[in-house]
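# Structural description and commentary
Single-letter residue listing:
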Amino acid sequence: MIHRFWLREHGIEGTYEAIDVAPEDFGAFIARIRAGEFAGGNVTIPNKEAAFRAVDWHDEAARAIGAVNTLWMDGDRLCGGNTDAYGFAASLDAETPGWETGRIATVLGAGGASRAVLHALQSQGFSDIRIINRTMERARVLAAEFGAGVSAHALDSAETLLPDTDLLVNTTSLGMHGQPEQRLDLAGLPSHAVVTDIVYIPLETPLLAAARARGLKTVDGLGMLLHQAVPGFEHWFGVRPQVTQTLRDLVVADIRGHR
Ligand code: ATR
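Okay, so let's go over this structure. (Residues numbered from 1 in each chain as written. Predicted model: local features only at pLDDT ≥ 70, side-chain atom pairs only at ≥ 80, totals over all residues. Heavy atoms only, no water.)

## Quick word on the packing of aromatic side chains
For the structure on display, the rule yields eight aromatic pairs. Ring plane angle 20° and centroid distance 5.9 Å describe the contact between Trp-99 and Phe-126, whose orientation is recorded as stacked. Taken together, the residues span a long stretch of sequence, with Trp-99 in the loop between helix H5 (84–95) and strand E5 (104–108) and Phe-126 in the loop between helix H6 (112–123) and strand E6 (128–132) at a distance of 27 residues. One exposure class covers both Trp-99 and Phe-126, and it is buried. Seen from their ring centres, Phe-233 and Phe-237 are 4.8 Å apart, and the 55° between their planes marks the pair as tilted. Within this pair, Phe-233 and its partner Phe-237 are both found in helix H10 (residues 222–237), separated by four residues, close to a single helical turn. Here a set of aromatic residues connected by ring pairs shows up, and it is made of Trp-6, Tyr-16, Phe-233, Trp-236 and Phe-237. (Phe/Tyr/Trp six-rings, centres within 6.5 Å; stacked < 30°, edge-to-face > 60°. Helix = DSSP H or I, 4+ residues; strand = E, 2+ residues; numbered from the N terminus. Buried < 20%, exposed > 50% of the residue type's maximum accessible area, 1.4 Å probe, protein only.)

Put into structure tokens, the structure is as follows:
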């Protein structure tokens, strides 16, 4: 819907289709991109790591995150990028300017989405990033990989970590439609804290609703989805598209229609 909106807006003859590619067929699919059948594409679960291995060149974000979500051809070179960290930062830039002056971030979750958020936060200069995860070992592995300034914590340490947190990010699937809620008492967050969720169905997750009830600034996950699409469209079609209110309204109406 996002890319088709931009294609129409820019009068570009093209389309963006969802194609179901099983992991065992991924190599053959990559060969079709190399052969020029597509201008490029996005890759999602469970093929992001295979895409990382399949490309001839990675951008810096893909290297740091270890996964590729965007493919394009540069001559006969297959390039792989990761636009999730960009999308996360660009959404916060648009919704809550000044967020990047924060120093301390608390990140809930240690999966693939967490990796993109950690890269974005490190790139913005957050010097103290605390990962809280149900499975401590996954948080430890991520903290060790991302290095200085990133630490791993158990779920029950949230209370002690919130009082000096500038930015709280949920990267888990908790709060998503059909999933259990993220149960976290936000009472300890300072009044200047920003709370953001990468979940966008529903747009206002229980975590964001609790933050809003406390009067905190909140940013929903839809902005990240919209902004992460920008670099891909630019690579494929040569035009840098805009994330506008009209586009957002269109996607919001679609999300509401599916619930
Ligand atoms: P993604 O690539 O979308 O980030 P993932 O790698 O499956 O998905 O990661 C999901 C994250 O949500 C993990 O941090 C997971 O915690 P665990 O590492 O302990 O599995 C977290 N998560 C999912 N369901 C959860 C639940 N019911 N309670 C707590 N954390 C949960």
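## Considerations on the site of the ligand
In the vicinity of the ligand, the contacting residues are Gly-109, Ala-110, Gly-111, Gly-112, Ala-113, Asn-133, Arg-134, Thr-135, Arg-138, Thr-172, Ser-173 and Leu-174. Interatomic distance of 2.9 Å between a backbone N/O atom of Ala-110 and an oxygen atom of the ligand. The contact in question runs from an oxygen atom of the ligand to an N or O atom on the side chain of Thr-135, over 2.4 Å. If the ligand stood free it would expose 640 Å²; the protein chains cover 70% of that surface. Its residues assigned to classes, the shell around the ligand shows three nonpolar, seven polar and two charged. (Near = heavy atom within 4 Å. Polar contact = N/O pair within 3.5 Å; in protein donor to acceptor, adjacent residues only side chain to side chain. Areas by Shrake-Rupley, 256 points an atom, 1.4 Å probe, with all protein chains shown as cover. Nonpolar A, V, L, I, M, F, W, Y, C, P; charged D, E, K, R; others polar.)

## Some details on the nonpolar core
By size, the foremost hydrophobic cluster in this structure holds 30 residues, and its most contacted members are Phe-88, Leu-121, Ile-131 and Leu-167. Looking at this core, the elements that each hand over two or more residues are helix H4 (60–65), H5, E5, H6, E6, helix H7 (136–146) and strand E8 (167–170). Discounting chain neighbours no more than four positions away, the residues touching Leu-167 are Leu-92, Trp-99, Ile-104, Ala-105, Thr-106, Leu-121, Phe-126, Val-194 and Thr-196. Among the nonpolar cores identified, the runner-up in size contains 15 residues, and Ala-158, Leu-168, Leu-189 and Leu-208 belong to it. (Core = buried A, V, L, I, M, F, W, Y, C linked by side-chain atoms within 4.5 Å. Contact = heavy atoms within 4.5 Å.)

## Considering helix H1 (residues 2–9)
For H1, the complete set of buried residues consists of Ile-2, His-3, Phe-5, Trp-6 and Leu-7. Close packing links the buried residues of H1 with strand E1 (40–42), H10 and helix H11 (245–257). In the stretch just after H1, Gly-11 is the one whose phi turns positive, near 60°.

## What to know about the sheet that holds strand E7 (residues 150–153)
In space, the six strands of this open sheet follow the order E7-E6-E5-E8-E9-E10, with parallel pairing throughout. A strand with exactly one partner marks an edge of an open sheet, and here the two such strands are E7 and strand E10 (217–219). Averaged over all neighbouring strand pairs, the angle between strand axes comes to 20°, with direction disregarded. As paired elements, strand E9 (residues 194–197) and E10 share three bridges and run parallel to each other. Each bridged residue has a counterpart across the sheet, and for Thr-196 the counterpart in E10 is Val-219. Packed on one face of the sheet, H7 meets E6 and E7 and runs near 175° to E7. Sheet strands touched by helix H9 (residues 206–213): E8, E9 and E10. Its angle to E9, the strand with the most contacts, is close to 165°. (Pairing = 2+ DSSP bridges. Axes fitted to C-alpha atoms, helices over the stretch in contact; angles between N-to-C directions.)

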